[in-house]
Amino acid sequence: MTSRITGTGSCLPAEIITNDDLAQVVDTSDEWISTRTGIRSRRIVKGESGASMAAEAARRALENAGVSAGEIQLIIVATCTGDLQFPGTACVVQKEIQADGAVAFDLGAACSGFLFALNTAHAYIQTGVYQKALVIGTEVLSKLVDWKDRSTCVLFGDGAGAAVVEASEEGLQGFVQYSDGKKGEVLSCISRPVENLIHRKEEGTDYRTPVSDYLTMNGQEVFRFAVKKVPECIHQLLDQTRTRADQVDWYILHQANSRIIQSVAKRMGVDEARFPMNMDRYGNTSAASIPILLDELNREGKLARGQQIVLAGFGAGLTWGAAKLTW
Ligand code: UT7
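Residue positions within a chain follow its written sequence, with the count starting from 1. Local features in this predicted model are restricted to residues of pLDDT 70 or higher, and side-chain atom pairs are both shown and tallied only at a pLDDT of 80 or more, whereas totals for entire chains, interfaces and linings draw on every residue. Only heavy atoms go into the side-chain values, all of them from the structure, while hydrogens and water stay out.

As recorded in an unreviewed UniProt entry, the protein goes by Beta-ketoacyl-[acyl-carrier-protein] synthase III and comes from Candidatus Pullilachnospira stercoravium. UniProt positions are given in the numbering used here, feature names are shortened, and annotations may be inferred rather than shown by experiment. Of the protein, the UniProt comment under Sequence similarities (unreviewed entry) reads exactly: "Belongs to the thiolase-like superfamily. FabH family."

Written as structure tokens, this is what we have:
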């Protein structure tokens, strides 16, 4: 027994911010952003929340799978931008979609979040604990970026994607997952500081001194990490599942930067056409990027039953990994 994705859904905010819009507020240009990243526009919330987008993506995934909310036993929401400290976004989604029989919790692994959540749901399903799960990635990165910092604000976007995952004879064949906490500082964002009766926030409690209240990133370090570790872990997964790189129909990677994806394709000797991209329209939506792209391909009829798909995520933590599945 394994787990199979039987339906997908996504939800993007209505508001579109183009590179030219950003050039009005920071010293940048469409030319710089699009050539360095492949991003041309992104969506950002204006009224939507992480939970409202997640719930809408979940409804669409359930409809696509032909599964009712009442049948769902497990909801995992991958997010690093929850609307509330608690309850978790997954519990809000459970309420919104009326999945009263589900256990619901959030999982935080930044841009690898959807992949790790899918693997977690798979582990529950493979061991027979649950049979039907909803795995969701939802992010509102627009509240974590400093809109005065051109090195980060041009990269990110908001959105949500979801997948219904069910017990099946065919589906997920294997996965690999990694973390390297020692490199955590290359991409991080401070949480609420400790300030209480006996400790002032200026005294510092963190393992590092926060340099900003917003998301900070050493872009070049993250770039180098991604182009090395992603092909490495995909190769390992292909060995594990006894697959040649050219036997995979689609490589669906986290949508951070088109140059990262092109470099991975080149290092693997696989035609770039098998690495679909949509960061041109949505930017980097962290945990939501893989399920949004998966849903687009699914709804465009590009995914055929039996096709071999590799999903790969990478990001803050550092975290990275890949999963291989039969569609
Ligand atoms: O989800 C995973 C998280 N993130 C990633 O995967 C991101 C990985 N990294 C990257 O995608 C790239 O490193 C970036 C797109 C972030 C940056 O591209 P880069 O080619 O590494 O540029 P850079 O940081 O080396 O900056 C080159 C120049 C600098 O100017 P000087 O020092 O050469 O004069 C920057 O100040 O570009 C400047 N710059 C900009 N110029 C115009 C940085 N951001 C901008 C901007 N517009 N938005």
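Draft legend 1. Geometry of the overall build of the protein. Looking only at helices and strands, the protein features 10 helices and 13 strands. Scaling as 2.2 N^0.38, a compact globule of 327 residues should have a C-alpha radius of gyration of about 20 Å, and the protein matches this with 19 Å. Seen along its three principal axes, the alpha-carbon backbone of the protein occupies a region of about 55 × 50 × 35 Å. Any residue under 20% of the maximum accessible area for its type is buried, any over 50% is exposed, and the rest in between are partly exposed; the area is computed with a 1.4 Å probe on protein chains only. In the protein, which comprises 327 residues, the proportion classed as buried is 55%. In the protein, 76% of the contacts between residues at least 6 apart in sequence involve partners at least 24 apart. Asp and Glu count as negative and Lys and Arg as positive, but His and the ends of the chain are not part of the count. For charged residues, the charge sits on one atom: NZ in Lys, CZ in Arg, CG in Asp, CD in Glu. For the protein, the centre of its 33 positive side-chain charges and the centre of its 39 negative side-chain charges are spaced 4 Å apart. For the purposes of this entry, the term helix denotes a DSSP run of H or I that reaches at least four residues, the term strand denotes a run of E that reaches at least two, and both are numbered from the N terminus. C-alpha atoms define the radius of gyration in this analysis, and the globule rule sets the expected value at 2.2 Å times the number of residues to the power 0.38. By definition in these notes, contact holds between two residues if any of their heavy atoms fall within 4.5 Å.

Draft legend 2. Main features of unusual backbone geometry. Following Phe-86, the chain continues to Pro-87 via a peptide bond in cis, the omega torsion being 0°. Along the chain, Pro-87 falls in the loop between strand S4 (74-78) and helix H4 (89-97). Of note, the bond from Gly-317 into Leu-318 is cis; its omega dihedral lies within 30 degrees of zero at -5°. Of note, Leu-318 is situated in the loop between strand S12 (308-315) and strand S13 (319-326). Non-glycine residue Gln-98 carries a positive phi angle of around 60°. Tracing the chain through its elements places Gln-98 in the loop between H4 and strand S5 (103-107). Residue Gln-98 is classed as exposed on the basis of its relative accessible area, which comes to 57%. Look at Arg-242: it is not a glycine, yet its phi comes out positive at around 50°. With respect to the element layout, Arg-242 can be found in the loop between helix H7 (219-240) and strand S11 (250-253). Among the residues examined, Arg-242 registers a relative accessible area of 77% and is labelled exposed.

Draft legend 3. Molecular detail of the environment of Gly-101. The topology assignment puts Gly-101 in the loop between H4 and S5. With relative accessibility at 58%, the residue Gly-101 sits in the exposed group. Residues Gly-101 and Ile-75 lie 26 residues apart in sequence; the distance between their C-alpha atoms is 10 Å.

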